Every structure is written in C-alpha cells, then in structure tokens.
Amino acid sequence: MNITAEQALADIAELLYLEPADLDHEADLRDQGMDSVRVMELVERWRSAGLTQIDYIALAEDQRVAHWLTVLRELQLSGENVAG
C-alpha cells in the first residue's frame with residue numbers, strides 16, 4: 001500500500017489538530033506543534049500502512065512537510081524497485 005501525499009498530509013495535520021491546508025510545507029513542524037512522540041506515532045502509523053523502512057531518524061533530521069513528502073516518495077520508490 002502506498003502512502004499518498006494527501007494521506008501523509010492528513011495524518012500529519014490530524015496529529016497537530018490542523019486542517020491539511022493549514023500546514024506550512026516549508027516551516028519546521030516543531031514550530032507547528034510537532035514533538036518526538038507525534039513523530040514516533042507517524043512512524044508507527046506509516047509502518048502499519050506498509051512503509052516498513054520508515055524510521056524516526058528519517059523524519060527527525062529535517063522536520064519540514066516538504067522534506068517528509070520527499071522521504072516518503074523516495075522510500076516507496078526504492079521499495080518498489082526492490083520488490084520489482
């Protein structure tokens with residue numbers, strides 16, 4: 001199962017009690033209310049959805065929505081290459 005950008009935005013926004021459209025894609029998510037516990041919750045949520053290679057470090061090093069979407073896309077593409 002792929003995690004779409006729309007799903008990722010919905011998941012992030014839900015944890016921050018925001019609407020997806022209210023997320024600033026270039027601002028640090030810590031400034032929008034993200035903390036380490038919420039990051040771990042996203043990691044577990046996305047692992048459960050099938051993205052088993054996601055980890056805390058991949059998200060914690062750069063906490064901008066734009067970066068996270070890139071990480072998700074790249075991990076999913078690399079997973080498809082391995083599976084294919």
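Above: the structure in question.
Residues numbered from 1 in each chain as written. Predicted model: local features only at pLDDT ≥ 70, side-chain atom pairs only at ≥ 80, totals over all residues. Heavy atoms only, no water.

### Some details on the environment of E26
Then step 1. Positionally, E26 belongs in the loop between α1 (5–16) and α2 (36–48).
Then step 2. Measuring from C-alpha to C-alpha, the distance between E26 and Q63 comes to 9.0 Å, with 37 residues separating the pair along the chain.
Then step 3. With near-sequence residues (within four places) excluded, E26 lies in contact with R64 and A66. (Helix = DSSP H or I, 4+ residues; strand = E, 2+ residues; numbered from the N terminus. Contact = heavy atoms within 4.5 Å.)

### Some words on the side chain of D11
Then step 1. Following the sequence through the fold, D11 ends up in helix α1.
Then step 2. Judged by its relative accessible area of 6%, D11 is buried.
Then step 3. Setting aside its immediate chain neighbours within four residues, D11 contacts L42, R45 and W46. (Buried < 20%, exposed > 50% of the residue type's maximum accessible area, 1.4 Å probe, protein only.)

### Thoughts on the nonpolar core
Then step 1. With 24 residues, the main nonpolar core has I12, L23, L29, M34, W46, I54 and W68 as its most contacted residues.
Then step 2. Those residues in contact with I12 that lie beyond four places of it in its chain are L23, L29, M34, L42, W46 and W68. (Core = buried A, V, L, I, M, F, W, Y, C linked by side-chain atoms within 4.5 Å.)

### Comments concerning α2
Then step 1. An ideal rise of 1.5 Å per residue puts 18 Å on 13 residues; α2 measures up with 18 Å between its terminal C-alpha atoms.
Then step 2. For α2, every residue scored as buried is listed here: V39, L42, V43 and W46. Taken end-on, α2 shows its buried residues confined to a sector of 100 degrees, consistent with a single buried face. Turned more than 90 degrees off the buried face of α2, the exposed positions are V37 and S48. (Expected span 1.5 Å × (residues − 1). Arc of directions from axis to C-beta.)

### A word on the pattern of salt bridges
Then step 1. Tallying each qualifying case throughout the model produces 8 salt bridges.
Then step 2. For the salt bridge of R64 with E26, the shortest nitrogen-to-oxygen distance reads 2.9 Å. Taken as a pair, R64 in the loop between α3 (56–60) and α4 (65–83) and E26 in the loop between α1 and α2 lie far apart in primary sequence, 38 residues in all.
Then step 3. Exposure remark for R64: the relative accessible area of 27% places this residue in the partly exposed category.
Then step 4. A relative accessible area of 53% means that E26 is categorised as exposed.
Then step 5. For the salt bridge of E41 with R45, the shortest nitrogen-to-oxygen distance reads 3.5 Å. With E41 and R45 both in helix α2, this residue pair falls 4 residues apart, about one helical turn.
Then step 6. E41 gets classed as partly exposed once you look at its relative accessible area, which sits at 39%.
Then step 7. Residue classification places R45 among the partly exposed residues on the basis of a relative accessible area of 23%.
Then step 8. Among the charged side chains, a salt-bridge network with shared partners connects D11, E14, E41 and R45. (Salt bridge = Lys/Arg side-chain N within 4 Å of Asp/Glu carboxyl O.)

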